[in-house]
Amino acid sequence: MTLQLGQLAPDFEQESTHGKIRFHEWLGNSWCVLFSHPKDFTPVCTTELGEVARLRKQWEARNVKVIGLSVDPVDSHQEWESDIEATQGHAVNFPMLADADQKVSQLYNMIHPECDPTVTVRSVFVIDPARRIRLSITYPPSTGRNFSEILRSIDSLQLTDKYGVSTPVNWTEGNEVIISPKLTEDAAKAKFPQGFRTLRPYLRLVRLGD
């Protein structure tokens, strides 16, 4: 079954480099990035895990927990972490699920048989504190992820949840956002007293925090 945006993220219990993880319990009141890797000791994954470790303060600033997954066992993950630190300059500082039985991979549709039935593709799930899936991206095994885009997407999700707005193309923090077309003109003026730009009745732009 394909996982849909807004759906409750499946719960699981699985071994990891930080001990046994009960996912919903481990998540607590945090956001989460759950991301998978085809297998241990692969070059693209090595660069990705080093980058995620480097971004630790960025995740913490957004109340995000990160958790990786590969179908290899814990001892393999731990050995690989030494290589990651040595080559990328950052020690892995988050748990890596050891999904040797593919229990989590199957729950989250990370196995694509037509690609390779023995490994996971590069899946990314952003999950909110209500345990709902808010974003999903699937990359082919050959393409490394852009974690700056994942951070940008989380910024958008958190901001739009808070203010009931939308973010336009290529939005980054501090840029104008879009007022909901459902909001009447009077309601928009009351909600955004700093003023806004009307390009069309359905396209009104406001800068928050002014």
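Residues numbered from 1 in each chain as written. Predicted model: local features only at pLDDT ≥ 70, side-chain atom pairs only at ≥ 80, totals over all residues. Heavy atoms only, no water.

### Remarks on the pattern of salt bridges
For step 1, the next point in the chain: Applying the stated criterion to the full structure yields 13 salt bridges.
For step 2, the next point in the chain: Between Arg-56 and Glu-60 there is a salt bridge, with the nearest N and O atoms lying 3.1 Å from each other. Here the residue Arg-56 and the residue Glu-60 both occupy positions in helix H3 (residues 56-61), the gap between them amounting to four residues, near one helical turn.
For step 3, the next point in the chain: Of the charged contacts, one joins Asp-155 and Arg-62 as a salt bridge, the two residues approaching to 2.6 Å between their closest N and O atoms. Of this pair, Asp-155 sits in helix H6 (residues 147-163) while Arg-62 sits in the loop between H3 and strand S4 (64-70), placing them 93 residues apart in sequence.
For step 4, the next point in the chain: Ionic contacts of the salt-bridge type, sharing partners, join the residues Glu-13, Glu-15, Lys-20 and Arg-22 into one network. (Salt bridge = Lys/Arg side-chain N within 4 Å of Asp/Glu carboxyl O. Helix = DSSP H or I, 4+ residues; strand = E, 2+ residues; numbered from the N terminus.)

### Details of the pairing of strand S7 (residues 133-139)
For step 1, the next point in the chain: In the sheet, strand S6 (residues 122-127) pairs with S7 via six bridges, with the strands oriented antiparallel. The partner of Val-124 across the bridge, within S7, is Ile-137.
For step 2, the next point in the chain: Between the end of S6 and the start of S7, which pair antiparallel, lie five residues, with Arg-131 showing a positive phi angle near 70 degrees. (Pairing = 2+ DSSP bridges.)

### Overview of the sheet that holds S6
For step 1, the next point in the chain: Overall, mixed pairing links the five strands, which are arranged S5-S4-S3-S6-S7 in an open sheet. The open sheet has two free edges, formed respectively by strand S5 (96-98) and S7, since each of these has just one partner strand. Neighbour-to-neighbour, the strand axes of this sheet turn through a mean angle of 20 degrees, independent of strand direction.
For step 2, the next point in the chain: Across four bridges, strand S3 (residues 31-36) lies against S6 in antiparallel orientation. Residue pairing in the sheet places Leu-34 in a bridge with Phe-125 of S6.
For step 3, the next point in the chain: Together, S4 and S5 form the strand contacts of helix H4 (residues 74-88), whose direction differs from that of S5 by roughly 145 degrees.
For step 4, the next point in the chain: The sheet strands contacting H6 are S3, S4, S6 and S7, and the helix crosses S3 at an angle near 150 degrees. (Axes fitted to C-alpha atoms, helices over the stretch in contact; angles between N-to-C directions. Contact = heavy atoms within 4.5 Å.)

### Here's the deal with the packing of aromatic side chains
For step 1, the next point in the chain: Counting across every chain of the model gives eight aromatic pairs.
For step 2, the next point in the chain: For the pair Phe-35 and Phe-94, a centre-to-centre distance of 5.9 Å together with 50 degrees between the ring planes defines the contact as tilted. Of this pair, Phe-35 sits in strand S3 while Phe-94 sits in the loop between H4 and S5, and the two are 59 residues apart along the sequence. For the pair Phe-35 and Phe-94, one class covers both residues: buried.
For step 3, the next point in the chain: Ring geometry for Tyr-108 versus Phe-125: centroids 5.2 Å apart, planes at 70 degrees, classification edge-to-face. Here Tyr-108 is found in the loop between helix H5 (103-107) and S6, whereas its partner Phe-125 is found in strand S6, with 17 residues between them in sequence. Phe-125 shares its class with Tyr-108; the two are buried.
For step 4, the next point in the chain: Three or more aromatic residues link up through ring pairs in this structure, and these residues are Phe-12, Phe-23, Trp-26, Tyr-108 and Phe-125.
For step 5, the next point in the chain: Across the ring face of Trp-26, the terminal group of Lys-65 is positioned such that the distance to the ring centre comes to 5.1 Å. (Phe/Tyr/Trp six-rings, centres within 6.5 Å; stacked < 30°, edge-to-face > 60°. Buried < 20%, exposed > 50% of the residue type's maximum accessible area, 1.4 Å probe, protein only. Lys NZ or Arg CZ within 6 Å of the ring centre and 35° of its normal.)

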